[in-house]
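One-letter residues, chain by chain:
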Amino acid sequence: MARKDMRGSRITSIAFHVPDRLVTNYDLERMIDTSDEWIVQRTGIKQRHWVEGDVGASELALPASIEALEKAGLKASDLDMIIFATLSPDITFPGSACILQAKLGCPGIAALDISNQCTGFIYSLSVADQFIRTGSMNRILVVGAEVHSSGLDISNKGRDVTVLFGDGAGAVLIEATEGDSRIIDTRLHADGRYLDILKIVAPASKLNPRVTHEMLDKGLQYPYMEGRAVFKQAIARLPQVINEILDANGYSVSDVDLLVPHQANLRINEMVIGIMGIPRSKMVSNIDRYGNTTAASIPIALCEAVEDGRLKSGDLVLLAAFGAGLTWGAGLVRW
Ligand code: UT7
């Protein structure tokens, strides 16, 4: 149950940003051997947004962050930390949190990158919540942002992965609270034994040199995925972690007002709610319009649910994600 009168953290503002360029399944049909029918049936995706030209994750994160700050009536200098979840950082190092900090103009505050793929937003939310609960910080900007499109194999060889991913960013402001509206709990998991079923192999520090023309010719710079294995793990792990977080906090599935799951595949999410007995009307789904935006998918979906009035003050919101690592996790929020 919500820990009343105890210091906790609360999402006080939320915004998102996607690039203008819309890529429909019909556009992909003209680039690779695929079809709108195959993509919609297997994934539920109809379109996604892709950047044009040289655009890094921090550039998508910036407008979302500025809007989240403006909605809260705050300045970047009011923040104590930026946490940036991404698997597609602007450059190898420094991390995108430092790059975003420079763009926002708030030198000196902490800047932390989190690389936990599709679970990156939940891990980041959890880290922010811990820092605020302990009293060490008061205001944290948590961003999930990805530019996938520049790293996809737009050829028939890469078609299984390429059709899935979209670019985008979501930003939330997390602030200290003693009220009922708060992050009630987060649960985080990983199983590195499965790291090979979804990964990018090069460039890599374990390769010397880190990248060669030969590696590029082999396409090692593109994501590799064993789709069916990932699918099977997702439909096992998501119900587990949802049950874990509800049980640990004394709630049952019927108490949940809204489920905001990571948007990887509509079939995965429909199977999960089938297993859990959650009605379809309680699940947010926008994968048809954005594809899989990885660390950005939950804040984008959450923001849309707030904007269209589905998410109201006092609602119990369940967040759940699964992705490469493998990593998975859940968050329970009293809105
Ligand atoms: O955020 C976490 C990241 N990833 C995921 O959650 C992905 C989890 N996995 C999935 O969502 C599904 O496995 C996919 C959507 C990726 C694939 O669906 P599937 O039903 O598992 O298909 P499959 O990989 O078994 O492939 C079935 C057929 C194959 O042809 P054959 O061998 O049956 O002739 C593929 O070559 O579909 C073919 N195929 C395609 N056809 C048209 C694979 N990609 C495509 C494509 N367009 N884009």
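Everything numeric in this text was worked out from a predicted model, so none of it was measured.

1. Thoughts on the overall build of the chain
Secondary structure assignment for the chain yields 11 helices and 13 strands. In summary, the chain has a C-alpha radius of gyration of 19 Å against a globular reference of 20 Å for 335 residues, a match within 12%. Taken over the C-alpha atoms alone, the chain extends approximately 60 × 45 × 35 Å along its principal axes. The buried share among the 335 residues of the chain stands at 54%.

2. As for the environment of Pro279
One can find Pro279 in the loop between α9 (266-276) and α10 (287-290). Sequence separation between Pro279 and Arg289 is 10 residues, and the spatial gap between their C-alpha atoms is 21 Å.

3. Structural notes on the site of the ligand
Every one of the 22 residues lining the ligand counts as a neighbour, but Thr34, Arg42, Cys118, Arg228 and Asn265 are closest to it. Arg228 places a polar side-chain atom, nitrogen or oxygen, 2.6 Å from an oxygen atom of the ligand. A distance of 2.7 Å separates an oxygen atom of the ligand from a polar side-chain atom of Asn265. Contact with the protein chains hides 74% of the accessible area of the ligand, taken as 950 Å² for the molecule alone. Of all the secondary-structure elements, those providing two or more residues to the shell around the ligand are α2 (36-43), α6 (159-162), α8 (227-248) and α9.

4. Re the sheet that holds strand β1 (residues 8-17)
Sheet architecture is open: 5 strands sit in the order β1-β7-β6-β4-β5, paired in mixed fashion. Lying at the two open borders of the sheet, with one neighbouring strand each, are β1 and β5 (110-114). Taken pair by pair, the neighbouring strands of this sheet meet at an average axis angle of 20°, ignoring direction. As defined by bridge partners, β1 adjoins strand β7 (residues 168-177) across 9 bridges and the pair is classed as antiparallel. When the sheet's bridge partners are listed, Gly8 is paired in β7 with Thr177. Strands β1 and β7 of the sheet are contacted by helix α11 (residues 297-307), whose axis makes an angle of about 90° with β1.

5. Description of the nonpolar core
Ranked by size, the top nonpolar core spans 44 residues in total, and within it Ile242, Leu246, Leu259, Leu318, Phe322 and Leu332 carry the most contacts. Taken together, the elements giving at least two residues each to this core come down to α8, α9, β12 (316-323) and β13 (327-334). Counting only domains with at least three residues in this core, you end up with domain 1 (8-178) and domain 2 (184-334). Of all hydrophobic cores here, the second largest spans 36 residues; its members include Ile14, Val18, Phe121 and Leu125.

6. Concerning the side chain of Asn286
Here Asn286 shows up in the loop between α9 and α10. At a separation of 3.2 Å, a polar atom in the side chain of Asn286 contacts the side chain of Glu304. Leaving out residues up to four positions away in the same chain, Asn286 has contacts with Gln263, Ile300, Ala301 and Glu304.

7. Digging into the domain arrangement of the chain
According to the domain assignment, the chain consists of domain 1 (8-178) and domain 2 (184-334). The gap between the C-alpha centroids of domain 1 and domain 2 is 14 Å. Taken together, the 47 residues of domain 1 in the interface contact 48 residues of domain 2. Both sides together, the interface formed by domain 1 and domain 2 hides about 3600 Å², and carbon and sulfur atoms give 66% of it. Of all residues in domain 1, the largest losses of buried area upon contact with domain 2 belong to Phe16, Cys118 and Ile122, amounting jointly to 18% of the total for that side.

8. Points about the state of the cysteines
For the structure shown, the criterion picks out 0 disulfides. Looking at the unpaired Cys303, the closest cysteine sulfur is the one in Cys118, lying at 19 Å. On the basis of relative accessible area, Cys303 is assigned to the buried category, the value being 0%.

9. So, the sheet that holds strand β8 (residues 182-190)
Strand order in this open sheet of 4 strands is β8-β13-β12-β11, and the pairing throughout is mixed. If you trace the sheet from one side to the other, it starts and ends with β8 and β11 (258-261), each paired once. Pairwise comparison of adjacent strand axes, ignoring direction, gives a mean angle of 15° for this sheet. Where β11 and β12 come together, 4 bridges link them in parallel fashion. Among the inter-strand pairings, Leu259 is bridged to a residue of β12, identified as Leu318.

Procedures and definitions
Residues numbered from 1 in each chain as written. Predicted model: local features only at pLDDT ≥ 70, side-chain atom pairs only at ≥ 80, totals over all residues. Heavy atoms only, no water. Helix = DSSP H or I, 4+ residues; strand = E, 2+ residues; numbered from the N terminus. Rg over C-alpha atoms; globule rule 2.2 N^0.38 Å. Buried < 20%, exposed > 50% of the residue type's maximum accessible area, 1.4 Å probe, protein only. Near = heavy atom within 4 Å. Polar contact = N/O pair within 3.5 Å; in protein donor to acceptor, adjacent residues only side chain to side chain. Areas by Shrake-Rupley, 256 points an atom, 1.4 Å probe, with all protein chains shown as cover. Pairing = 2+ DSSP bridges. Axes fitted to C-alpha atoms, helices over the stretch in contact; angles between N-to-C directions. Contact = heavy atoms within 4.5 Å. Core = buried A, V, L, I, M, F, W, Y, C linked by side-chain atoms within 4.5 Å. Domains from an automatic or database assignment. Buried area = accessible area lost by both parts, 1.4 Å probe. Disulfide = S-S within 2.5 Å.

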